[in-house]
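Understanding the architecture of this molecule
Read off the chains here:
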Amino acid sequence: MAETNGLLNRRSGTNRYRGFESRPLRSISLWSGAVFSAPVFCCPLSVVMIQDSLLALVYVGASVSFIIGLKLLSHPRTARRGNAVAAAGMLVAIVATMLLHTADGKPLGNIALILAAMAVGTVAGWISARRVPMTAMPQMVSLFNGMGGGCAAAIALLETVHAAEGGSPLTPAASSMIVASAIIGSVSLSGSLIAFAKLQGLIERSVRFRGQNIVNSAVLLLAIVLGSTIVARGQSDTALFSGMIATALFYGVAFVMPIGGADMPVVISFLNSCTGVAAAFGGLFYGNHVMLTGGIVVGAAGMLLTLLMARAMNRSVLNVLFSHFGETAIAADTSGQRSMRSITPDDAAVMLRYARDVVIVPGYGLAVAQGQHALVKLSTELERSGVRVRYAIHPVAGRMPGHMNVLLAEANVPYEQLVEMEQINPDMPQVDVVLVVGANDVVNPAARTDPSSPLWGMPIIDADRARNVIVIKRSMNPGYAGVDNALFYLPNTSMLFGDAKAMLETVLDRIKHL
Ligand code: NAP
C-alpha cells in the first residue's frame, strides 16, 4: 500500500510513516483505533501496514464487484442485482477509505463534512431517481454523468491548489494525469449539462454555423496547449489551470450544442465514457486501485455502448458526433398524395382476435403514453383466446439502450416473449398481424429500400413483410429521425390513430365483447 500513495509521497517528498510512530494509534481512525489500540504502542508501523493491506483488499473486492455488477447489468433479469452489487461495492470502498486510509500517518480528516455531503447527495439522488419518469431517464443519466465529470475536474483543481500551496512542483507524470483528468472531466460536465438541457426541452435549438467543427477543434486545441504548458513548466499555476478548465468547459458546450436531439443518447454514452477516463486518470494519480478500475470499467462500457448504438443506427460515431444530424423532425414530408388506411378500434379488435400469430413492436410512443400495462393486458387476453403473442425488440427503439426491455419488464412481460430483431425478422412473412405501438423509425422500410433516406442501412424490424400491420400513433408525424414512414402507406397497413394507452384499452374492451 506504500505503492498506493506512491505519487503523492514522491510529490511531497515525505515519508508517509514519518512522524506517525510517536503518535498514539487511537488517533489514526475511528474504527481502527478501537480494533488496533492494543498493539499500537509496541508496533505502530505494522498496524498502518495492516490497515493499508486491508484497504487494498477492500479495493480489490470493490473492483471485482464493479465487474460482476456490469456483467449482471447486461440482462434485464439480473440488471437490478447488478446495480445493487456494484453500488454495495462502492459503498464498502467509501466506508473503508474513511476508516482505514492514512497519508503521512494521518487519518482522513473532515469525516463529518464528507458524511454531510454524502447525505445531501444520497437524498437528492434517491428522490430524483424515484420521481423521474421512464421517458426522462436519459436526461437524468446525463445529469448524473455530468456530476462525475465535475468531480474529476474538481479533484484535479484541488490537487493543483494543494501543490501550489505546498510550493512543491508536480512531477511531469503527476501533472499530466491531473491535466488530462481536468480537461476530460470538464468537457464531460458542461457537455452533459447541455445534453440534459436539450433533452429536458430547456434548450430547443441547435446552434450551428459554417466551419463550426474547425472552431470547436481550435477551442479544444487551446485547452490542450494550456495543459501542456502546465506540464512543461512543472509549477502548479492555479491561474493557468483555471483558464484551462474554463476553456475545456466551453468546449463541452460548443461540442454538444450543434448535435440534434435524436443523437443525444449516443452523446451521453460518449460523455459517460469520458467521465470514466477522467476518473481513471484520477485513480492513476492517487495510485488508487478502485478509482482506477471503476474509471476503466465505466470508460470501456460507455465506449462500447456508444459504438453499439452507432452501429444499430448504421452510422459511425464520428458521423453522430460531428455531422450534426439528428435534429427532430427536420425532414420534409415526402408523403405527397399517397393514401393510407385508417381503421377503428373495432376493426383492430377483430384483426387481432382472429389472428394466429401476433408480433408487437413497441417504440418510444408506448413509453410516452405509459401504455405498457394496457399492452400486457391486451396480449394476455389474446393469449387466452389462443393467439401466439411475441414482442419484437429493436436495439435503439425508444430513447436509450434497453428502453423497451425495461419498459416491458416493468409490466412483467416474460423475457421469453421478447425476441431480438434478428430472430424475429425471418418469421415476419408468416406473421398474421404486426401491432406497432408508438414505434416509427425502427419499422421504416426506407432503411432497406431508399438509399437517399437518412435511415438508409439502419437495421429495422421488417414489419412491412407481415400479412397485416396495425400502427397505433396519434398522427402522421414522423419519428425522431424526422423522416416520413413508407410503412404507413402500404396496402397491408392500417393506421389506428390515438394515444397508445387509450387505444390499447379500447381495443382490449372491444375484444372482450367479441
Ligand atoms: P420514434 O421513431 O421516435 O417514433 C415514436 C413515435 O411515437 C412517433 O412517431 C410518435 O408519433 C409516436 N408517439 C409519441 N407519443 C405517443 C403516444 N402518446 N401515443 C402513441 N404514439 C405516440 O421511435 P422509435 O421507433 O422507438 O425509434 C427510436 C428513435 O430514436 C430512432 O430514430 C433511434 O435511432 C433514435 N435513438 C434511439 C436511441 C436509443 O438508445 N434507444 C439512441 C439514439 C437515437 P405521433 O406523434 O404521431 O403520435
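Taken as a whole and assessed by the stated rule, the structure comprises four aromatic pairs. Seen from their ring centres, Y251 and F255 are 5.8 Å apart, and the 15° between their planes marks the pair as stacked. Taken together, the residues span about one helical turn, with Y251 and F255 both in helix α9 (residues 238-256) at a distance of four residues. One exposure class covers both Y251 and F255, and it is buried.

Below, the discussion takes up the sheet that holds strand β4 (residues 357-362). Across the sheet, which stays open at both edges, the seven strands sit in the order β3-β9-β8-β7-β4-β5-β6 with parallel pairing between neighbours. A single partner strand is all that each edge strand has here, and the edge strands are β3 (341-342) and β6 (418-420). Sheet topology places strand β7 (residues 433-437) next to strand β8 (residues 468-473); five bridges connect them, and they run parallel. Within β8, the residue paired with V433 across the bridge is N468. With respect to the sheet, helix α16 (residues 403-410) is in contact with β4, β5 (388-393) and β6, its orientation differing from that of β5 by roughly 140°.

With that out of the way, let us pick up the pairing of strand β9 (residues 493-497). Among the five residues that make up β9, four are buried, leaving the element largely enclosed by the rest of the structure. Here β3 runs beside β9; their pairing, made up of two bridges, is parallel. Opposite S342, over in β9, you have M495 as the bridge partner. Sheet analysis places β8 next to β9, joined by five bridges and oriented parallel. Across the sheet, the residue bridging to I470 is S494, located in β9.

What follows concerns α16. Of the positions making up α16, those classed as buried are H403, M404, N405, L407 and L408. Residues of α16 that are buried make contact with β4, α14 (364-369), α15 (372-384), β5 and β6. Phi for N412, located one or two positions after α16, is positive at around 60°.

With that out of the way, let us pick up the site of the ligand. Surrounding the ligand, one finds 30 residues, the nearest of these being R399, N440, D441, R474 and S475. Contact between the ligand and V442: an oxygen atom at 3.4 Å from a main-chain N or O atom of the residue. Within the contact set of the ligand, a nitrogen atom lies 2.9 Å away from a backbone nitrogen or oxygen of A500. When the ligand sits alone it has 920 Å² of accessible area, and the protein chains cover 96% of it. A total of four residues in the shell around the ligand trace back to one element, the largest contributor, which is α14.

Where helix α8 (residues 212-233) meets α9, the closest approach of the two axes is 9 Å, and the angle between their N-to-C directions is 160°. The angle between the axes of α8 and α9 places the two elements in the roughly antiparallel class. Here α8 and α9 pass one another in a crossing that is left-handed. Residues N216, V219, L220, L222, A223, L226, G227, T229, I230 and R233 of α8 pack against L240, F241, G243, M244, T247, A248, F250, Y251, A254 and F255 of α9. Looking at the contact of α8 with α9, its residues break down into 14 nonpolar, five polar and one charged.

This paragraph deals with the pairing of β7. Along β7, five of the five residues are buried, which leaves the element largely enclosed by surrounding structure. The side-chain alternation of β7 yields two buried faces, one formed by V433, L435 and V437 and the other by V434 and V436. Across five bridges, the pairing between β4 and β7 is parallel. Along β7, the bridge assignment pairs V361 with V436.

Evaluation of the coordinates by the stated rule reveals eleven salt bridges. Put simply, R233 and D237 hold a salt bridge, and the shortest N to O gap is 3.1 Å. Overall, D237 belongs to the partly exposed group, its relative accessible area being 23%. One salt bridge connects R384 with E381, and the closest N-O pair in it is separated by 3.0 Å. With R384 and E381 both in helix α15 and three residues apart, this pair spans about one turn of that helix.

Running from N to C, helix α13 (residues 345-353) and helix α19 (residues 500-512) cross one another at 65°; their axes reach a closest spacing of 8 Å. Seen along the crossing, α13 lies across α19 with a hand that is right-handed. Only M503, T506, V507, R510 and I511 of α19 make contact with α13, whose side of the interface consists of P345, D346, A348, A349, L352 and R353.

Another point: unusual backbone geometry. Of note, N110 is a non-glycine position whose phi angle comes to about 55°, a positive value. Here N110 shows up in the loop between β2 (106-107) and α5 (111-131). For N110, a relative accessible area of 58% translates into the label exposed. A positive phi angle, near 55°, is found at Q370, a position not held by glycine.

Procedures and definitions
Residues numbered from 1 in each chain as written. Predicted model: local features only at pLDDT ≥ 70, side-chain atom pairs only at ≥ 80, totals over all residues. Heavy atoms only, no water. Phe/Tyr/Trp six-rings, centres within 6.5 Å; stacked < 30°, edge-to-face > 60°. Helix = DSSP H or I, 4+ residues; strand = E, 2+ residues; numbered from the N terminus. Buried < 20%, exposed > 50% of the residue type's maximum accessible area, 1.4 Å probe, protein only. Pairing = 2+ DSSP bridges. Contact = heavy atoms within 4.5 Å. Axes fitted to C-alpha atoms, helices over the stretch in contact; angles between N-to-C directions. Near = heavy atom within 4 Å. Polar contact = N/O pair within 3.5 Å; in protein donor to acceptor, adjacent residues only side chain to side chain. Areas by Shrake-Rupley, 256 points an atom, 1.4 Å probe, with all protein chains shown as cover. Parallel < 35°, antiparallel > 145°, perpendicular 65-115°, else oblique. Left-handed = near helix turned anticlockwise from the far one by under 90°. Nonpolar A, V, L, I, M, F, W, Y, C, P; charged D, E, K, R; others polar. Salt bridge = Lys/Arg side-chain N within 4 Å of Asp/Glu carboxyl O.

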